[in-house]
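The primary structure of each chain is shown beneath.
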Amino acid sequence: MKKVYLYKGYERFWHWSQSVIVFILLITGFEIHSSYVLIGYQNAVGIHNITAWVFLVLTIFTMFWHITSGEWRQYLPTTVNLKAQIQFYLSGIFKNAPHPAGKTLLSKLNPLQRIVYGGLTVLVFPVMFLTGFMYYFFHFPMEGVELASLETIAVLHTLGAFCIVAFVIVHLYLMTTGRTITSNFQAMVTGWEEIDEEETKAIETEMAESAKALIKTSNGKNKLKQPRKRKQERVKEESFQD
Amino acid sequence: MKKYAILFLALFMPLLIITLMAQKGFEDEQPAEEKELKLVNYIPKAKRADKEVVDHSKFEILQEDFENAHKVTEACLSCHTERHTEIMETSHWKWERDEVLEGKGVISLGKKNILNNFCIGVSGSEATCSRCHIGYGWADKSFDFTEKLNIDCLICHDNTGTYEKAKGAAGYPKESVNLNYVATNVGSPERENCGVCHFWGGGGNNVKHGDLDKAMLDCSREIDVHMTTDGENMSCIECHVTENHNITGKVFALSSENKNRVTCEQCHTDKPHGDNILDDHLCRVACQTCHIPYYAKANPTKMYWDWSTAGKLDEEGNAMHQPDADGNHKYMSIKGHFVWDDNVVPEYFWFNGIANHQLIEDKIESVPLQMNSLDGSYKDKGYCKKSINPSKIWPVKVHRGKQIYDPVNNTLIQPKLWDKEKGEGAYWVDFDWDLAAQKGMDYLDLPYSGEYDFVETEMYWPLNHQVAPKEQSLKCIDCHTKEGGRLASLGDFYLPGRDQKAGVEIFGILLILGSILGVGIHAFYRAIAGKKYKNDNYLNN
């Protein structure tokens with residue numbers, strides 16, 4: 001076993017601040033939707049709108065971080081191990097079978113996570129931002145971009161919110177399906193996670209193969225770069241090897 | 001501990017930023033009472049320089065015992081020359097003005113010829129109705145609207161409170177009025193001057209408007225923040241800014257066009273709240289909607305008038321007055337049944353400042369018949385779409401009733417209601433609908449078939465007065481709520497918090513329940529399987 005510095009400082013900051021922001025948005029958002037009365041409609045609207053701006057700022061920083069660090073590749077969907085991962089959740093997990101897609105620095109998300117997080121990132125969140133800000137600016141007399149009704153964007157925004165609630169529920173549960181109940185949680189808190197070396201190697205090989213395949217299909221036009229490790233990380237990784 | 005630093009930072013930084021930003025927003029909102037209200041085009045009374053006004057008692061020409069009221073007007077015009085030309089242009093004088101009505105063209109319209117569902121109309125009964133005309137002698141069609149000495153200056157400019165027009169005297173003052181005293185004590189119109197007609201229209205206090213009430217002569221802040229004697233104590237003309245005797249403001253019971261109006265924005269600007277979301281509402285919601293949550297707050301207003309039951313006399317053949325439990329007329333032989341109400345919740349409609357009217361020649365096309373109709377809809381976005389007037393949600397008093405019409409000609413009837421003596425066919429003395437209808441329609445040279453019946457009517461009075469203190473204005477939740485909100489009946493648009501799509505809700509709830517169920521079942525199996533495979537833990541291999 002070795003300990004790997006899996007989640008970098010900014011990544012963890014982003015994850016946890018986003019979690020707070022998403023909770024605030026959900027709580028106030030569903031009050032605005034009249035699902036319940038909690039802090040008062042005006043407060044809910046005010047906080048929802050402020051939080052949306054904070055979320056936007058965080059998201060811009062995070063996009064910048066993902067692009068500059070190359071980490072965005074973690075969210076590229078892959079079919080490698082996809083079937084195995086599904087089978088793991090459906091049966092393997094009950095038999096204490098090992099995780100089929102072990103975590104590595106190159107691939108810290110399993111194929112299901114890649115699809116779901118990637119989907120959130122490129123579909124749900126953009127739709128929420130887009131409809132949210134249309135909602136926010138809709139009532140201004142904006143020539144040309146004016147909408148006939150709030151209804152469509154409101155419906156989309158609500159559907160997105162329901163999807164996020166469902167995601168949060170499942171996400172919170174899957175947090176407990178790591179090596180131990182709390183290992184995933186601790187990794188996201190401290191950044192460090194124990195990783196099985198043999199698994200890691202196997203995965204790295206597979207990843208390399210799939211990367212090759214990708215490069216091949218794209219005719220070499222968009223060559224995938226391997227994320228560069230910072231020197232610091234490499235040092236840390238080495239020093240924590242068992 | 002250092003490794004938890006990022007967790008704490010990440011958890012508390014957004015909370016801190018959001019709290020600080022929210023706090024700043026609330027600070028901006030709250031201290032309006034301490035901070036000065038944002039106003040334009042208005043100087044609070046406390047800040048105005050004292051102005052020496054003309055002392056009319058020192059003018060020699062006013063030091064006489066005026067033979068009659070016309071002589072007072074003559075004296076006024078001897079100094080204030082040409083003012084009569086201004087007066088004669090106004091609808092206060094003409095009781096009509098040219099207005100464009102959709103589908104009807106330009107029509108000279110006003111109190112002179114328009115029908116309502118209160119006392120119906122003035123035609124044939126001018127001698128009593130003209131008690132509210134700013135003139136002397138309008139008893140019938142022969143009145144000379146071009147004679148400047150027919151102008152009554154005093155009804156608006158009396159500052160003594162002693163000037164009063166007599167009943168049924170075509171606008172002449174009571175014999176008891178000391179014209180010399182009144183003429184030497186004139187000035188700008190006070191609330192009493194406007195109120196004597198605008199509070200008492202329809203034959204009683206607060207009958208018509210519902211938001212214009214004698215209580216506003218001396219009222220608390222709760223009744224009217226602008227006119228309260230505890231506060232700014234504003235007179236009518238502070239808002240109804242007047243130049244050359246053209247008093248701004250119009251009531252859509254009589255008017256049709258969106259012009260010459262008084263607006264809240266003229267002093268309060270179109271961004272009065274210090275809050276973007278609230279200010280943005282002004283694009284589609286009239287200020288009045290939130291700031292006049294109830295009307296008829298001090299005294300009741302008439303909500304329903306059923307003329308069809310009029311005419312019942314007591315055993316001696318005399319007209320009856322029956323009060324309701326609150327002392328308001330419930331039944332009058334001359335007028336029929338009434339329903340009054342106070343602290344009334346307005347009805348809400350889209351309104352773009354354009355009204356239409358049921359003219360006496362118009363056929364009755366639908367029942368209840370709309371005596372006047374307010375134009376507007378959600379889709380009519382006005383300046384959002386380059387035209388001038390967006391429809392806004394507006395609070396309205398709707399006065400409903402039943403009044404006489406001609407079922408053969410299918411038009412409304414103007415009955416003759418008032419006369420000094422019996423035998424002239426006036427309903428209020430002779431109690432004969434057929435005769436009153438005949439007399440009234442003959443007077444207007446309009447056909448009457450000889451048959452009459454009663455038709456249900458509605459009249460729309462947009463509310464503007466009795467603005468509540470801001471702490472009593474409507475809250476978001478009064479409209480943005482699933483059930484029973486103020487805008488429950490305005491169904492032509494999507495309102496956040498009010499409208500939910502059933503399909504979306506069902507999908508959402510199933511999705512959430514499905515997630516919980518799936519996770520629950522999975523966790524349950526894991527717990528059971530966990531025990532079974534305890535020894536098979538690959539970590540221990």
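Residues numbered from 1 in each chain as written. Chains lettered and ligands numbered in written order. Predicted model: local features only at pLDDT ≥ 70, side-chain atom pairs only at ≥ 80, totals over all residues. Heavy atoms only, no water.

## A closer look at the overall build of chain A
Basically, it comes down to this: Starting at the N terminus, helices and strands are each numbered in turn, a helix being any DSSP run of H or I of at least four residues and a strand any DSSP run of E of at least two. Throughout, a residue-residue contact means that at least one pair of heavy atoms, one from each residue, lies within 4.5 Å. Every accessible area reported is derived by Shrake-Rupley at a probe size of 1.4 Å, with residue values counting cover from the shown protein chains alone.
The number of helices and strands found in chain A is eight helices and two strands. Moving toward the C terminus, one meets the helices and strands of chain A in the order β-α-α-α-α-α-α-β-α-α. The long-range fraction of contacts in chain A, counting pairs at least 24 apart against all pairs at least 6 apart in sequence, stands at 72%. When the accessible area of chain A is evaluated, it comes to approximately 12700 Å², of which 67% is carbon and sulfur surface.

## As for the side chain of B:Asn193
Residue and element names in this part refer to chain B. Short version of the rule: Definition of a polar contact: a pair of N or O atoms within 3.5 Å, with one able to donate and the other able to accept a hydrogen when the atoms are protein atoms, and with sequence-neighbouring residues admitted only if both atoms are side-chain atoms.
One can find asparagine 193 in helix H8 (residues 191-198). Here isoleucine 155 takes part through its backbone oxygen, which lies 3.1 Å from a polar atom of the side chain of asparagine 193. The contact partners of asparagine 193, leaving out residues within four places of it in the chain, are Leu154, Ile155, Cys156, His157, Asp158 and Asn159.

## Digging into the pattern of salt bridges
Residues and elements named next belong to chain B. Where we set the bar: A carboxyl oxygen of Asp or Glu within 4 Å of a side-chain nitrogen of Lys or Arg is what we treat as a salt bridge. Only protein chains enter the calculation, and the probe is 1.4 Å; a residue is then buried if its accessible area is under 20% of its type maximum, exposed if over 50%, and partly exposed in between.
Scanning all chains against the criterion turns up 18 salt bridges over all chains. A salt bridge links lysine 112 to glutamate 96, with the shortest nitrogen-to-oxygen separation between them at 3.0 Å. Of the two residues, lysine 112 is situated in the loop between strand E2 (105-109) and helix H5 (126-129) and glutamate 96 in the loop between helix H4 (91-94) and strand E1 (97-101); the sequence distance between them amounts to 16 residues. Note on glutamate 96: relative accessible area 19%, which makes it buried. Among the ionic pairs, arginine 498 bridges to aspartate 499, the shortest N-O distance being 3.0 Å. Taken as a pair, arginine 498 and aspartate 499 share a single burial class, namely buried. Within this structure, Lys45, Arg48 and Glu238 form a network of salt bridges that share partners.

## Considering the pairing of strand E7 (residues 329-332) of chain B
Residue and element names in this part refer to chain B. To be explicit about the condition: Only strands joined by at least two bridges in the DSSP assignment are considered to pair.
Where strand E6 (residues 321-323) lies against E7, three bridges are found, and the strand directions are antiparallel. When the bridges of E7 are listed, proline 323 appears paired with histidine 329. Judged from the two bridges that link them, E7 and strand E8 (residues 336-341) form a sheet pairing that is antiparallel. Counterpart to methionine 332 in the pairing with E8 is glycine 336. Turn length for the E7-E8 hairpin, with the two strands adjacent in sequence and antiparallel, is three residues.

## Focus on the environment of A:Val165
Take A:Val165: it is sitting in helix H5 (residues 151-174). Sequence separation between A:Val165 and A:Tyr135 is 30 residues, and the spatial gap between their C-alpha atoms is 20 Å. In this structure A:Val165 touches A:Leu26, A:Phe30 and B:Ile512, once residues within four positions along its chain are discounted.

## Here's the deal with H8(B)
Side chains three or four residues apart in an α-helix point the same way, a direct result of the helix having 3.6 residues per turn. Along H8(B), the residues that are buried comprise B:Arg191, B:Asn193, B:Gly195 and B:Cys197. Packed against the buried residues of H8(B) are helix H6 (154-157) and helix H9 (236-239) of chain B.

## Let's talk about the interface of chain B and chain A
Reports often express the size of an interface as the amount of accessible area lost when the parts come together. Keep this limit in mind: Reported buried area values correspond to the accessible surface (1.4 Å probe) lost by two parts on association, with both partners' losses combined. Each residue is assigned to one class: nonpolar for Ala, Val, Leu, Ile, Met, Phe, Trp, Tyr, Cys and Pro, charged for Asp, Glu, Lys and Arg, and polar for all the others, Gly among them.
Of the residues lining the interface, 58 residues belong to chain B; the matching set on chain A comes to 62 residues. Between chain B and chain A the total buried area reaches about 5300 Å² when both faces are included, carbon and sulfur atoms providing 71% of it. Here chain B and chain A share one salt bridge between them. Applying the counting rule to chain B against chain A returns 12 residue pairs in polar contact (both at pLDDT 80 or more). Its residues assigned to classes, the side of chain B that touches chain A comprises 37 nonpolar, nine polar and 12 charged.

## Description of the side chain of B:Asp152
Residue and element names in this part refer to chain B. Along the polypeptide, aspartate 152 turns up in the loop between H5 and H6. Among the polar contacts made by the side chain of aspartate 152, one reaches the main-chain amide nitrogen of leucine 154 at a distance of 2.9 Å. Within polar-contact distance, the side chain of aspartate 152 engages the side chain of lysine 165 at 2.9 Å. Sequence-distant contacts of aspartate 152, that is, excluding residues within four places in its chain, are made with Ile134, Gly135, Tyr136, Tyr163, Lys165 and Gly171.

## Points about the packing of helix H3 (residues 82-90) of chain A against helix H4 (residues 111-137) of chain A
Residues and elements named next belong to chain A. As a reminder, the rule being used: Angles shown run from 0 to 180 degrees and are taken between the N-to-C directions of axes, each axis being a line fitted to C-alpha atoms and, for helices, limited to the stretch in contact. Here the word oblique covers every angle except those under 35 degrees (roughly parallel), over 145 (roughly antiparallel) and from 65 to 115 (roughly perpendicular).
Direction vectors running N to C along H3 and H4 enclose 95°, while the axes themselves pass 8 Å from each other. Taken as axis vectors, H3 and H4 run roughly perpendicular relative to one another. Judged by residue contacts, Leu82, Gln85, Ile86 and Tyr89 of H3 engage Pro111, Leu112 and Ile115 from H4. Split into classes, the residues belonging to the contact of H3 with H4 amount to six nonpolar, one polar and no charged.

## Focus: the confidence of the model for chain A
Residues and elements named next belong to chain A. To keep it simple, the criterion reads: pLDDT runs from 0 to 100 and stands for how confident the predictor is about each residue.
On average, residues of chain A carry a pLDDT of 81, and 75% of them reach 70 or more. Per-element confidence in chain A ranges from a low mean pLDDT of 47 for helix H8 (residues 231-239) to a high of 95 for helix H1 (residues 9-32). This stretch, residues 220-226, has a pLDDT under 50; its non-local contacts, to residues over four places away or in other chains, come to nine contacts. Scored below 50 in pLDDT, residues 229-242 shows 14 contacts in the model against residues more than four places distant or in partner chains.

## Some remarks on the packing of aromatic side chains
Defined as follows: Stacked, tilted and edge-to-face pairs are distinguished by plane angle, under 30 degrees for stacked and over 60 for edge-to-face with tilted covering the rest, among Phe, Tyr and Trp rings (Trp via its six-membered ring) whose centres lie within 6.5 Å. Remark: a charge is flagged as sitting over a ring if the NZ atom of Lys or the CZ atom of Arg is within 6 Å of the ring centre and within 35 degrees of the ring normal.
As enumerated under the stated definition, the model contains 40 aromatic pairs over all chains in all. Taking the centre distance of 5.7 Å and the plane angle of 35° together, the rings of A:Tyr10 and A:Trp65 count as tilted. One end of the pair, A:Tyr10, is in helix H1; the other, A:Trp65, is in helix H2 (residues 41-69), and 55 residues separate them in sequence. For A:Tyr10, a relative accessible area of 23% corresponds to the partly exposed category. Between the aromatic rings of A:Tyr136 and A:Phe137, the centroid separation amounts to 5.0 Å while the plane-to-plane angle is 85°, which identifies the pairing as edge-to-face. Taken together through their ring pairs, the aromatic side chains of B:Phe118, B:Trp305, B:Trp307, B:Phe338, B:Tyr427, B:Phe431, B:Trp433, B:Tyr452, B:Phe454 and B:Trp461 make up a single cluster. Note that B:Lys302 overlies the ring of B:Trp305, its terminal NZ or CZ placed 4.4 Å from the centroid.

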